[in-house]
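Residues per chain, in single letters:
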Amino acid sequence: MNLRIPGPTPLPPDVLAAMSQQMIDHRGPEFEAMMGEVTVGLKTFFETQHDLLILTASGTGGLEAAIVNTLSPGDRVLAVSVGVFGNRFAEIAAAYGASVTKLSYPMGQAADPDEVAAKIAQEGPFAAVLFTHNETSTGVSNVAEALCRAIRSAAPESLILVDAISSVPAIRLQTDAWGCDVVVAGSQKAWMAPPGASFVSMSPRAWEAYEHARMPRFYFDLGQAKKYADQRQTPATPAMSVFFALRASLNKLAAEGPEAVWARHEHLGAYCRQGVLDLGLGLFAAEGHRSNTVTAISLTPGQSAAKILAALRERYDIIGGATRAPGVEMIRLAHMGYVSEADLDAVFVALRELIA
Ligand SMILES: *Cc1c(COP(=O)(O)O)cnc(C)c1O
């Protein structure tokens, strides 16, 4: 099967094998060594010297942790949204009682740093600004560095909370250097690991906010997570098999090296976009903001995304991603983690036959 949805993503054979290991004591020395190793591996790609906590949860759980550990009900929050996942981040904040102001962009567009700064100047102050680094629903990458700079200059006191679930480790994000306070990633995207773990970084400023944040929290209390992480444990039972797999995949990523991992995804992104254009199909994301982990293909009038996806699945064993933009005929192809040019070539060959 050629699984080209943007998570879960396929696993390399050695990661698959690592995952089938026998269970161990999560309060014992073996687990503590593994937790230490995995944390170091994750921090390399988060580019942070600060705390990095591992939660047994999907990425959405990590987003929820980002919110409930830094904010109080009634806090004013600016949610910058360029698609489905930007909306979800805003919804979580609203669900816990934050007063959310949204700055939304049409699907396919990226956020404009100057407009974000202007919004803060006009309607701030905000306790936090939320944005999505890489919007998986539309194949748009926001320019995180410029956004962080704009937010920092307009609102030196605001927290910056970033959904980097479909970017890190494939697309570079410099957590500390860019001043991101909380960054969230998910095991099943570019990490070449199975679903089940979410990773959350916390800056010193985020910990200060934690001290007076009053949203309810229990399972996602990052203070508890840190207390246990300092002993290389987790407060509750961790998804053990995900840790086994993650240790193996992080070893592979470390051996390859961050520069090579980023370059490989840049190459795969460009390769996929060229393949789509060669087929005469369109790219949904705005030029200059096209993602290196997921490509959203816009179809021509008369082509049905649902029919093409069904034919890809039934006749070619290729699983593509469906549209997340209502009313838009779109197919999404992921190219993050364990994926090669040949995997993408197989999709192009199939698509050529199907749309001919
Ligand atoms: C996949 C994804 C999510 C949701 O993650 P889950 O693990 O499904 O909870 C959130 N944001 C982005 C950008 C994603 O790609």
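Up top is the structure these notes are about.
Calculation notes
- Residues numbered from 1 in each chain as written.
- Predicted model: local features only at pLDDT ≥ 70, side-chain atom pairs only at ≥ 80, totals over all residues.
- Heavy atoms only, no water.
- Pairing = 2+ DSSP bridges.
- Helix = DSSP H or I, 4+ residues; strand = E, 2+ residues; numbered from the N terminus.
- Axes fitted to C-alpha atoms, helices over the stretch in contact; angles between N-to-C directions.
- Contact = heavy atoms within 4.5 Å.
- Parallel < 35°, antiparallel > 145°, perpendicular 65-115°, else oblique.
- Left-handed = near helix turned anticlockwise from the far one by under 90°.
- Nonpolar A, V, L, I, M, F, W, Y, C, P; charged D, E, K, R; others polar.

**Some remarks on the sheet that holds strand S3 (residues 76-81)**
Taken together, the seven strands give an open sheet; going across it, the order is S2-S10-S9-S8-S5-S3-S4, and neighbouring strands pair in mixed fashion. With one partner strand each, in any of the chains shown, strand S2 (51-56) and strand S4 (99-104) form the two edges of the open sheet. Within the sheet, the average angular offset between the axes of one strand and its neighbour, ignoring direction, is 20 degrees. Alignment of S3 against strand S5 (residues 128-132), held across three bridges, turns out to be parallel. The residue bridging Val77 from the neighbouring strand is Ala128, located in S5. Packed onto the sheet, helix H4 (residues 84-95) meets S3, S4, S5 and strand S8 (159-163) and runs at close to 150 degrees relative to S5. Its contacts with the sheet put helix H6 (residues 144-154) on S5 and S8, and the angle it makes with S5 is roughly 170 degrees.

**A closer look at the sheet that holds strand S11 (residues 282-283)**
Pairing is antiparallel across the open sheet formed by three strands, whose spatial order is S11-S12-S14. Two strands bound the open sheet, and with one partner strand each, they are S11 and strand S14 (330-334). Alignment of strand S12 (residues 294-298) against S14, held across five bridges, turns out to be antiparallel. Each bridged residue has a counterpart across the sheet, and for Ala296 the counterpart in S14 is Arg332.

**Section: the packing of helix H3 (residues 59-68) against H4**
One can describe the packing of H3 onto H4 by two numbers: an axis separation of 9 Å at closest approach and a directional angle of 45 degrees. In terms of axis orientation, H3 runs oblique to H4. In the packing of H3 onto H4, the handedness of the crossing is right-handed. Across the interface between the two elements, Thr60, Leu63, Glu64, Ala66 and Ile67 of H3 pack against Arg88, Phe89, Ile92 and Ala93 of H4. Class assignment of the residues belonging to the contact of H3 with H4 gives a composition of six nonpolar, one polar and two charged.

From the geometry alone we can't say anything about function, so treat these as descriptive.
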